[in-house]
Amino acid sequence: SFRSRFRMSVRNPLRLLNLAGKSLLTNEALAISALEHLPIELFPPLFMEAFYGRHRKTLKALVQAWPFVRLPLGGLMQTPHVVTLQAVLEGLDVLLTQKDRPR
């Protein structure tokens, strides 16, 4: 039916973003170098893929290049990925020490 096809097409953009993020994370150096050219919509799904895939270097670089005012970490604090969470905090530490960023 039209409704089921419409629902499916509404979900596809998110799925495509997730697939793009997974593909980009296969080459961590490429992912890090591409951050300044990525569309803003790709940051949240790429962040989640990097976090759960334990791509620590990419995660740290993502946090430093985060284009949004907020980085919601509350739900991630419950996860057992302590080393991965540490990479996020290291990225935040670098971000906070940079003088040209809003606070």
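Residues numbered from 1 in each chain as written. Predicted model: local features only at pLDDT ≥ 70, side-chain atom pairs only at ≥ 80, totals over all residues. Heavy atoms only, no water.

Draft legend 1. Highlighting unusual backbone geometry. Not every positive phi belongs to a glycine, and R54 is a case in point at roughly 60°. For R54, the position within the fold is in the loop between α3 (43–52) and α4 (56–65). (Helix = DSSP H or I, 4+ residues; strand = E, 2+ residues; numbered from the N terminus.)

Draft legend 2. Molecular detail of the environment of T58. Looking at the element boundaries, T58 is found in helix α4. Among the residues examined, T58 registers a relative accessible area of 0% and is labelled buried. With 33 residues separating them in the primary sequence, T58 and G91 have C-alpha atoms 9.8 Å apart. The residues contacting T58, other than those within four sequence positions of it, are L25, E28, A31, I32 and A50. (Buried < 20%, exposed > 50% of the residue type's maximum accessible area, 1.4 Å probe, protein only. Contact = heavy atoms within 4.5 Å.)

Draft legend 3. Region of the structure containing the side chain of T84. Checked against the element boundaries, T84 lands in helix α5 (residues 82–97). The buried category is assigned to T84, whose relative accessible area is 2%. Setting aside its immediate chain neighbours within four residues, T84 contacts F51, R54, R56 and L59.

Draft legend 4. Region of the structure containing α3. The complete set of buried residues in α3 reads F43, P45, L46, F47, A50 and F51. Remark: R54 follows α3 within two positions and exhibits a positive phi of approximately 60°.

Draft legend 5. Quick peek at the nonpolar core. Counting residues in each nonpolar core, the largest one holds 23 residues, and the members touching the most others are F47 and V88. Elements that contribute at least two residues to this core include exactly α2 (28–34), α3, α4 and α5. The element that contributes the greatest number of residues to this core is α3, accounting for five residues. Apart from the residues within four sequence positions on either side, V88 is in contact with F47, F51, L59, V63, L71 and L73. (Core = buried A, V, L, I, M, F, W, Y, C linked by side-chain atoms within 4.5 Å.)

Draft legend 6. Layout of the packing of aromatic side chains. Under the counting rule described, the total for this entry stands at five aromatic pairs. Between the aromatic rings of F47 and F51, the centroid separation amounts to 6.4 Å while the plane-to-plane angle is 20°, which identifies the pairing as stacked. Of this pair, F47 and F51 both sit in helix α3, four residues apart, roughly one helical turn. A relative accessible area of 3% means that F47 is categorised as buried. Relative accessible area serves as the criterion here: at 0%, F51 is assigned to the buried category. Both rings, one in W66 and one in F68, keep their centres 5.3 Å apart while their planes meet at 65°; by these two values the pair is edge-to-face. Each member of the aromatic cluster is reached from another via a ring pair, and the members are F43, F47, F51, Y52, W66 and F68. (Phe/Tyr/Trp six-rings, centres within 6.5 Å; stacked < 30°, edge-to-face > 60°.)

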